[in-house]
Amino acid sequence: MDLDAIRAQLAASNIVDTLQPFAASGVAASEKPAAIGPLAPFMWSDVTKVGPPGPLEDVGCFLRDAWKDVCEAPVETCGLLGGEGMAKDGGPPDRLSELHGLEDQSKGELDVVRVSGLHCAFALVFWAHQQAVDFKPNMNMTAAGQKGSSHSEDLFSLMLKAVNLSQQICRDVRNLAFDQYACKKQGLKGTSTFARKLSEKLREHSAGLKIHINGVMADSIGLSTGGA
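Residues numbered from 1 in each chain as written. Predicted model: local features only at pLDDT ≥ 70, side-chain atom pairs only at ≥ 80, totals over all residues. Heavy atoms only, no water.

### Some details on unusual backbone geometry
For step 1, the next point in the chain: Residues Ala 40 and Pro 41 are joined by a peptide bond in cis, for which omega reads 15°.
For step 2, the next point in the chain: Positionally, Pro 41 belongs in the loop between strand 1 (16-17) and helix 2 (55-72).
For step 3, the next point in the chain: Here Lys 107, not a glycine, exhibits a phi torsion of approximately 55°, which is positive. (Helix = DSSP H or I, 4+ residues; strand = E, 2+ residues; numbered from the N terminus.)

Take a look at the structure:
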């Protein structure tokens, strides 16, 4: 879905969003034990939300089931996370700058690991999934149109950017040329079969998550064509 189109629809309908500010995860801070491991500050606990039946549950179950294996995977075998200047020498694009931009846009709510490409991509999807579980835009038709983007638009945009960046990083992890660059120029070990396979599964689940996020936003402003 095009964000500009959504903004145009919002402006035309004089809609204002009353969604509460987004949180860093779907669990109250008082309920969360201290996070440890390569995915910190994120963690999966007994109270982490999997999501309702459908795409969210599918993604949530995948993240839950893969969490332990991802945490135990040696970071030096999980793909290089592209940084500034790497592309000119045959390495991956500068994903770190994109990540910094997302974190700035989130105003401190998003804090993602950088230890490897896989761990970063996995954490991005986890964050977006937890936001999507609670993403229920409440559009108030009685309020006047507002200037600039609403909170819901900001969160919508941020979730999609996070998932898109995750998918790009997943492709980087599976790229053989980038793997050779990581070994020769960065001193890393070759990307493991585990990291390659999980990156592809993560990319596939991310596609379903994007469809769900787009659908929720479309339904909230009456753009959905999937039902009455």
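### Focus: the side chain of Arg 196
For step 1, the next point in the chain: By the element assignment, Arg 196 lies in helix 7 (residues 193-220).
For step 2, the next point in the chain: In this structure the side chain of Arg 196 is engaged in a polar contact, spanning 2.8 Å, whose partner is the side chain of Asp 179.
For step 3, the next point in the chain: Contacts of Arg 196, omitting those with residues within four sequence positions, involve Val 173, Arg 174, Asn 175, Leu 176, Asp 179 and Thr 191. (Polar contact = N/O pair within 3.5 Å; in protein donor to acceptor, adjacent residues only side chain to side chain. Contact = heavy atoms within 4.5 Å.)

### Quick word on the packing of aromatic side chains
For step 1, the next point in the chain: Following the criterion strictly, the structure yields 6 aromatic pairs and no others.
For step 2, the next point in the chain: With a centroid separation of 6.4 Å and an interplanar angle of 50°, the aromatic rings of Phe 62 and Phe 122 are classed as tilted. Taken together, the positions of Phe 62 in helix 2 and Phe 122 in helix 4 (residues 117-133) put the pair 60 residues apart, joining distant regions of the chain. Residues Phe 62 and Phe 122 agree in their burial class; the two are buried.
For step 3, the next point in the chain: Among the aromatic side chains, those forming a connected cluster through ring pairs are Phe 42, Trp 44, Phe 62, Trp 67, Phe 122 and Phe 126. (Phe/Tyr/Trp six-rings, centres within 6.5 Å; stacked < 30°, edge-to-face > 60°. Buried < 20%, exposed > 50% of the residue type's maximum accessible area, 1.4 Å probe, protein only.)

### Let's talk about helix 4
For step 1, the next point in the chain: The terminal C-alpha atoms of helix 4 lie 25 Å apart, and with 17 residues this matches the ideal 24 Å at 1.5 Å per residue to within 8%.
For step 2, the next point in the chain: In terms of burial, helix 4 is largely enclosed, as 17 of its 17 residues are buried.
For step 3, the next point in the chain: At the N-terminal boundary of helix 4, the capping side chain belongs to Ser 116, with an oxygen 3.4 Å from the backbone nitrogen of Leu 118. (Expected span 1.5 Å × (residues − 1).)

### Things to note about the confidence of the model for the protein
For step 1, the next point in the chain: Here the protein averages 83 in pLDDT, while 76% of its residues score no lower than 70.
For step 2, the next point in the chain: Contacts from residues 9-30, a stretch scored under 50 in pLDDT, to residues over four places away or in other chains number 63 contacts.
For step 3, the next point in the chain: Overall, residues 140-144 carries pLDDT values under 50, and its contacts beyond four positions in sequence, including any with other chains, amount to 11 contacts. (pLDDT = per-residue confidence, 0-100.)

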